[in-house]
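Below are the chains, spelled out letter by letter.
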Amino acid sequence: LLEKVELIVIGLNKDGSINYANPYFEDLTGYSKEEVIGEDFMDKIIPEQEQSKVKKAFQKLISRNSLTHFQNAIKAKNNQVFYIDWSNVIIENESGEVLSTLSIGNNISERKKAFKEIEELKSKLENENILLKAEFAQIPKMNKIVGNSDPIQYVLKRAFEVAPTNTSVILEGETGVGKE
């Protein structure tokens, strides 16, 4: 199962050295098992800026202070960075002594990228909304126009754009909505 699953599966000794890596890990990172077995996981796989955070999380896991779920970045052999959502289990002997950990990780890089893009678009939309409201505030007030909503303000803005020209304008809408 560990060899066939399309999730990263990696085993770590108590000292943080890698004792197992499945084929999906090899495919994703570009490292072969021979290149990582016996190596320190933090030094080999974790980007430098995240090492302190991941070391603390690993120590919590080893000391059984929970933390069975964790997210962090890993770096591939070509220095490409992937974001992984980990589920971790402790492997212990019959007397309950911690021997190692087994971590199963899901590559969430695309999801993280999508959320970042959504946040950027949300911020852009909020800024555009502020600018649009500022433009609406500059529209001269009409005493005979009832309403102050954004759609009404939009219609007035558009009307003032064409008012100085000799252009025919058609207003569409249901009967009784106040086109006059």
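Per chain, residues are indexed from 1 in the order of the written sequence. Thresholds applied to this predicted model are a pLDDT of at least 70 for local features of residues and 80 or more for the giving and counting of side-chain atom pairs; totals over whole chains, interfaces and linings are not thresholded and use all residues. The side-chain values count all of the structure's non-hydrogen atoms but skip hydrogen atoms and water molecules.

*Asks:* Just checking my understanding: could you explain helix H4 (residues 51-62) for this structure?
*Replies:* In an α-helix, one turn spans 3.6 residues; hence positions three or four apart end up facing the same way. Only DSSP runs of H or I covering at least 4 residues are called helices, and only runs of E covering at least 2 are called strands; the numbering of each starts at the N terminus. Multiply 1.5 Å by the residue count of a helix minus one, and that product is the helix's expected span. Between its first and last C-alpha atoms H4 spans 16 Å; for twelve residues at 1.5 Å apiece the expected length is 16 Å, and the two agree. For each residue, the accessible area found with a 1.4 Å probe, counting protein chains only, is set against the maximum for its type, and the residue is called buried under 20%, exposed over 50%, and partly exposed in between. Turning to H4, its buried residues are Gln 51, Val 54, Ala 57, Phe 58, Leu 61 and Ile 62. Along the long axis of H4, the arc covered by the buried residues comes to 135°, so they all point the same way. A contact between two residues is defined here by any heavy atoms of the two lying within 4.5 Å. As for H4, its buried residues are in contact with strand E1 (8-13), helix H3 (41-45), strand E3 (69-75), strand E4 (81-92) and strand E5 (98-107). Backbone geometry just after H4 places Arg 64 at a positive phi near 65°. What the arc measures is the spread of directions leading from the helix axis to the C-beta atoms.

*Asks:* Looking at this structure, how should I read a negative patch on the surface?
*Replies:* Residues with no salt bridge and a relative accessible area higher than 30% make up the patches, which join like charges within 9 Å and nonpolar side chains (Val, Leu, Ile, Met, Phe, Trp, Tyr) within 5 Å. All accessibility values rest on the Shrake-Rupley procedure with a 1.4 Å probe; residue burial counts only the protein chains present in the view. Salt bridges are counted wherever a side-chain nitrogen of Lys or Arg sits within 4 Å of a carboxyl oxygen of Asp or Glu. Charge assignment in this entry is limited to Lys and Arg as positive and Asp and Glu as negative, and neither His nor the chain termini are counted. Every charge is mapped to an atom, namely NZ of Lys, CZ of Arg, CG of Asp or CD of Glu. On the surface, Glu 117, Glu 119, Glu 120 and Glu 126 cluster together to form a negatively charged patch. With respect to the helices, strands and loops of the structure, Glu 126 is situated in helix H5 (residues 109-137). Judged by relative accessible area, which is 44%, Glu 126 ranks as partly exposed.

*Asks:* What am I meant to see in the pairing of E5 here?
*Replies:* Side-chain positions along a regular strand alternate between the two faces of the sheet. Pairing between two strands is assigned when DSSP locates at least 2 bridges connecting them. Note that E1 and E5 share six bridges and pair antiparallel. Residue Leu 12 lies in a different strand from E5, and its bridge partner there is Thr 101. In the sheet, E4 pairs with E5 via nine bridges, with the strands oriented antiparallel. Bridged to Ile 84 within E5 is Asn 107. In this antiparallel pair of consecutive strands, E4 and E5, the connection spans five residues, and Gly 96 shows a positive phi of 90°.

*Asks:* How do you make sense of unusual backbone geometry when you look at a structure like this?
*Replies:* In this structure, Asn 79 takes a positive phi of about 70° despite not being glycine. Along the polypeptide, Asn 79 turns up in the loop between E3 and E4.

*Asks:* How should the nonpolar core be read in this particular structure?
*Replies:* When a protein is soluble and globular, its nonpolar side chains tend to lie buried together. Residues belong to one nonpolar core when they are buried, are Ala, Val, Leu, Ile, Met, Phe, Trp, Tyr or Cys, and are joined through side-chain atoms within 4.5 Å. Residues Phe 25, Phe 41, Ile 45 and Ile 74 are the most contacted members of the largest nonpolar core, which totals 24 residues. If you list the elements that add at least two residues to this core, you get E1, strand E2 (18-21), helix H1 (23-29), H3, H4, E3 and E4. When neighbours within four sequence positions are excluded, Ile 45 is seen to be in contact with Ile 18, Phe 25, Tyr 31, Val 36, Ile 74 and Lys 75.

*Asks:* I would appreciate a short explanation of the packing of aromatic side chains in the present structure.
*Replies:* A ring pair, where both rings are aromatic, is described by two values, the distance of the centres and the angle of the planes. Each Phe, Tyr or Trp ring, with Trp reduced to its six-membered ring, pairs with another whose centre is within 6.5 Å; inter-plane angles below 30 degrees give stacked pairs, above 60 give edge-to-face pairs, and intermediate values give tilted ones. Throughout the structure, instances matching the rule amount to one aromatic pair. Their ring planes at 80° and their centres at 6.3 Å tell us that Phe 41 and Trp 86 sit as a pair that is edge-to-face. Highlighted residues: Phe 41 in helix H3 and Trp 86 in strand E4, separated in sequence by 45 residues. Across the pair, exposure class does not vary: Phe 41 and Trp 86 are buried alike.

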